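Chain and residue survey
This is what each chain is made of:
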Amino acid sequence: MDAELAMIAPTTLNSIAQTLLLSGCSEAAICELRAQFEPVHLVFCSDDEMGAAEPYREYQDFNLYLIHDSGHCMGLTDDLDSAFGMVVAEIDP
């Protein structure tokens, strides 16, 4: 695994989710979270873009998907121990 990729601690995931619940899910909020939780990799998109993928956690306004790196290809995972990033997928109203 790349030296710059760091695993996500459960407390980090919970802090990110709590911040989004309080401040709202937006590109600006994601930019602030990127700075606050570096080196966690955060991607922002619409939940519609996630296709049939199952979220790791579901909330009213957004879903969280975990990203892992298998050594040669990144993908989604449901294993927090292997995740280095998250997709924050905004649910369209």
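A short tour of the structure in this document, coming up. (Residues numbered from 1 in each chain as written. Predicted model: local features only at pLDDT ≥ 70, side-chain atom pairs only at ≥ 80, totals over all residues. Heavy atoms only, no water.)

Describing the overall build of the protein
Per the secondary structure count, the protein includes two helices and five strands. Starting at the N terminus and walking to the C terminus, you meet the elements of the protein as α-α-β-β-β-β-β. Whereas a compact globule of 93 residues would reach a radius of gyration of roughly 12 Å, the protein reaches 12 Å, a difference of no more than 12%. Counting only C-alpha atoms and orienting by the principal axes, one finds that the protein spans roughly 35 × 30 × 20 Å. Residues counted as buried form 37% of the 93 residues belonging to the protein. Within the protein, contacts between residues separated by at least 24 positions form 54% of all contacts whose residues are at least 6 apart in sequence. Total accessible area on the protein stands at roughly 5,500 Å², and carbon and sulfur atoms take up 50% of it. (Helix = DSSP H or I, 4+ residues; strand = E, 2+ residues; numbered from the N terminus. Rg over C-alpha atoms; globule rule 2.2 N^0.38 Å. Buried < 20%, exposed > 50% of the residue type's maximum accessible area, 1.4 Å probe, protein only. Contact = heavy atoms within 4.5 Å. Areas by Shrake-Rupley, 256 points an atom, 1.4 Å probe, with all protein chains shown as cover.)

Description of helix α1 (residues 10-23)
The first and last C-alpha atoms of α1 sit 20 Å apart over 14 residues, in line with the 20 Å expected at 1.5 Å per residue. Looking at the packing, one finds that the buried side of α1 touches α2 (27-36), β1 (41-46), β2 (57-58), β3 (62-69) and β5 (83-90). At the exit of α1 stands Gly 24, carrying a positive phi of roughly 95°. (Expected span 1.5 Å × (residues − 1).)

Things to note about the pattern of salt bridges
Applying the stated criterion to the full structure yields one salt bridge. Salt-bridge contacts for Glu 27 lead to Arg 34; the nearest nitrogen and oxygen are separated by 3.4 Å. Of the residues examined, Glu 27 reaches a relative accessible area of 39% and is grouped as partly exposed. (Salt bridge = Lys/Arg side-chain N within 4 Å of Asp/Glu carboxyl O.)

Comments concerning unusual backbone geometry
Here Glu 38 and Pro 39 are connected by a cis peptide whose omega angle stands at 15°. With respect to the helices and strands, the residue Pro 39 is situated in the loop between α2 and β1.

Quick look at the environment of Pro 55
On the secondary structure map, Pro 55 appears in the loop between β1 and β2. As for Pro 55 and Cys 45, which are separated by 10 residues in sequence, their C-alpha atoms are 13 Å apart. Setting aside its immediate chain neighbours within four residues, Pro 55 contacts Asn 63, Leu 64 and Tyr 65.

Regarding the nonpolar core
Membership of the largest hydrophobic core comes to 19 residues, with the highest contact counts inside it found for Ile 8, Ile 16, Leu 20, Leu 33, Leu 42, Met 86 and Val 88. Breaking this core down by element, the ones donating at least two residues are α1, α2, β3 and β5. Looking at which element gives the most residues to this core, the answer is α1, with four residues. If we skip the residues at most four places from it in the chain, Leu 33 touches Ile 16, Thr 19, Leu 20 and Leu 42. Grouped together as the second largest cluster of nonpolar side chains are seven residues, Met 50, Tyr 65, Val 87 and Ala 89 included. (Core = buried A, V, L, I, M, F, W, Y, C linked by side-chain atoms within 4.5 Å.)

Let's talk about the environment of Cys 25
If you trace the backbone, Cys 25 turns up in the loop between α1 and α2. Cys 25 sits in the buried class, given a relative accessible area of 12%. C-alpha of Cys 25 to C-alpha of Phe 62: the two residues are 37 residues apart in sequence and 6.9 Å apart in space. Not counting chain neighbours up to four residues away, the residues in contact with Cys 25 comprise Leu 20, Phe 44, Phe 62, Val 88 and Glu 90.

What is shown is where atoms sit, not what they do.
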